[in-house]
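Examination of the molecular architecture
Read off the chains here:
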Amino acid sequence: MGRLVIVSNRVPDPRERNQPAGGLAIGLADALRTEPSSLWFGWSGHQAESRGGDPAPSLDTHGKVTYATVPLTPAQHRGYYQKFSNGILWPLCHYRLGLMDYGRADWHQYLDVNRMFARVLKPLLKPGDVIWVHDYHLFPLGQALRELGVTNPIGFFLHIPFPPWSLFRALPCAADILRDMQAYDVMGVQTEEDAQNLWECLHVEGMNDPSRVVACPIGIDPVSFGEDAREAFGGPEVRRLRESLHDEPLIIGADRLDYSKGLEERFLGYERLLIRYPEHHRHVTYLQVAPVSRGEVEEYRLLRRQLDETIGRINGAFAEYDWTPIRYLTRPVPRQTLAGFYRLADVGLVTPLRDGMNLVAKEYVAAQDPEDPGALVLSHLAGAAPELSEALLVNPHDADEIADALHLALTMKREDRKKRWDALNVEVRNTTAGTWARDFLAMLYKSQKTESA
Ligand code: ADP
Ligand code: G6P
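Per-chain numbering applies: the sequence of each chain, read as written, is numbered from 1 onward. Labels follow written order: the first chain is A, the first ligand is 1, and so on. In keeping with the predicted nature of the model, local features appear solely for residues at pLDDT of at least 70, side-chain atom pairs appear and are counted solely at 80 or more, and the whole-chain, interface and lining totals rest on all residues.

In this usage, the nonpolar core is the set of buried Ala, Val, Leu, Ile, Met, Phe, Trp, Tyr and Cys residues whose C-beta atoms join them within 7 Å. Backbone-placed C-beta atoms define the burial measure: a residue is buried with 20 or more other C-beta atoms within 10 Å of its own, exposed with 12 or fewer, and partly exposed in between. Of all hydrophobic cores here, the largest spans 135 residues; its most connected members are L376, V377, L378 and L406. The residues touching V377, leaving out its near neighbours within four places in the chain, are V347, G348, L349, V350, T351, A391, L392, V394, A405, L406 and A409. C-beta atoms are placed from the backbone for every residue, and two residues are taken to be in contact when these atoms lie within 7 Å.

If you want it as structure tokens, here you go:
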């Protein structure tokens, strides 16, 4: 059997113990642990001026995985990554058409980087390899590889939501993207809703085979995450946090600082809790860890300023000289420490306005103490919601609903928490990073057999 070749824009640095926040790299790294040998190709995370021609990939082998990465020029980084991927496709796929800022030059830069990736990757490929392309940065990559004569099986997985045709058609180059995507043998998305939307769009552009679009939800490695949580729980960081709480309950949120995560709405929900349920004053702390993400993109800068203001306003209005209602960190926390924080927290607060999956919700469940688990408050618009239906599901736009759910979570009896958690835990253990990769790749292999039959 050949190698698995993963292609994604973001590639983790194998020498860096603390990886940047982001579900794609974390989910894939968990999934790759069970693969015999693999190549992971993508952006190095660095920028370098072009010296003419395509960049040479840097190769770095760690255990069973060889990482092959290339830098982007500053112009490519701006046009392909900041503008087209994160200023156009990201808002569109998260149903935020009003935030989409389309420019034709950025589309061309996006296509050029995809073609460059294909040219640099092709000489690294071997005949038996199976190629698996990830996420919205690389919609056209499969077609670019096919144009260079690559005949290996190529699958694609989208980690973020896919909107319905009525929205996607607002993108001026929608038809080009949908036509290029048809070069993939199998296309995976997180939920049935995304699968229906993608299929509808591809069908408008002439595709007739719905079996090539599949819903295949990603998961985590719950066993190793649970172990991390137990270990970190006894460590110095969790001890410091616990001591600072003086036996009062903790609500935790952990998200990249991104407008899709509903952070502003979440803070307003917490403010409603303090207004409507004053018994919690001085008796609850909300810790939000929100590492800065895509800080060069205008919308992200604006959001950061807005959150600073909202948090400052809420703390200013409700704080006492010995109590701060919201603690807010914008730097990343090592994932293991975060696991310990989840275990300590009485409530996990995960309220994206839209999210492909949301691994944080699954991590919160996996980190709990089975004898005394916390409660999960989850947006019904997260991709994880259909699986985690035993969470306290809320509409993230409704501050009162968030406040009621928080109050319920903070006052829920241990028995009820346990009952809900047992059901959530079954789901988190059923669909893991490993089963996700295995199921998707099985469909990709099957598509090859059907083709050659
Ligand atoms: P997204 O992929 O949109 O960032 P997910 O919830 O699917 O959202 O994945 C986020 C990943 O990043 C999770 O594995 C989570 O543990 C990690 N993460 C989130 N917040 C932090 C943080 N503050 N520090 C370090 N890692 C974080
Ligand atoms: C989401 C996307 C990933 C991306 C991650 C972090 O999880 O689906 O493709 O890698 O966010 O964003 P960044 O722009 O830092 O790679």
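Here the narrative resumes.
This next bit is on the site of ligand 2. We call a residue near a molecule or strand if the C-beta atom, set from the backbone, is within 6 Å of it. Around ligand 2 lies a shell formed by R10, P20, G22, G23, L24, A25, D135, H159, I160, S293 and R294. With three residues, helix 1 (residues 23-32) is the largest single contributor of residues to the shell around ligand 2. Each residue receives one of three labels: charged for Asp, Glu, Lys and Arg, nonpolar for Ala, Val, Leu, Ile, Met, Phe, Trp, Tyr, Cys and Pro, and polar for the others, Gly being one of them. Grouping the constituent residues of the shell around ligand 2 by class yields four nonpolar, four polar and three charged. Elements are defined by DSSP. Helices are runs of H or I of four residues or more, strands are runs of E of two residues or more, and each kind is numbered from the N terminus.

Turning our attention to the site of ligand 1. Lining the immediate surroundings of ligand 1 are 18 residues, of which A21, G23, V289, P332 and L359 lie closest. For the shell around ligand 1, the elements supplying multiple residues, two or more each, are helix 1, helix 12 (335-344) and helix 13 (359-367). If you count residues domain by domain, the shell around ligand 1 takes at least three from each of domain 1 (4-219 + 433-452) and domain 2 (222-430). The start and end points of each domain follow an automatic or database-based domain assignment.

A few words now on the domain arrangement of the protein. Under the domain assignment used here, the protein contains domain 1 (4-219 + 433-452) and domain 2 (222-430). Distance between the C-alpha centres of domain 1 and domain 2: 30 Å. Counting residues at the interface gives 22 residues for domain 1, matched by 20 residues for domain 2. When residues of the side of domain 1 that touches domain 2 are traced back to their parent elements, those giving at least two are helix 1 and helix 2 (74-93).

Below, the discussion takes up the sheet that holds strand 12 (residues 347-350). Following DSSP output, two strands are said to pair if at least two bridges run between them. Strand order in the open sheet formed by six strands is 11-10-9-12-13-14, and the pairing between neighbours is parallel. If you trace the sheet from one side to the other, it starts and ends with strand 11 (326-329) and strand 14 (392-394), each paired once. Each strand axis lies, on average, 20° off the axis of its neighbour in the sheet, ignoring direction. Bridging between strand 10 (residues 285-289) and strand 11 involves four bridges; their strand directions are parallel. Looking at strand 11, one finds that L287 is bridged to R327. Axes, fitted as lines to C-alpha atoms, cover a helix only where it is in contact. Angles between the N-to-C directions of the axes lie from 0 to 180 degrees. Strand contacts of helix 12: strand 9 (250-254), strand 10 and strand 12, with the helix running at about 145° to strand 9, the strand carrying the most contacts.

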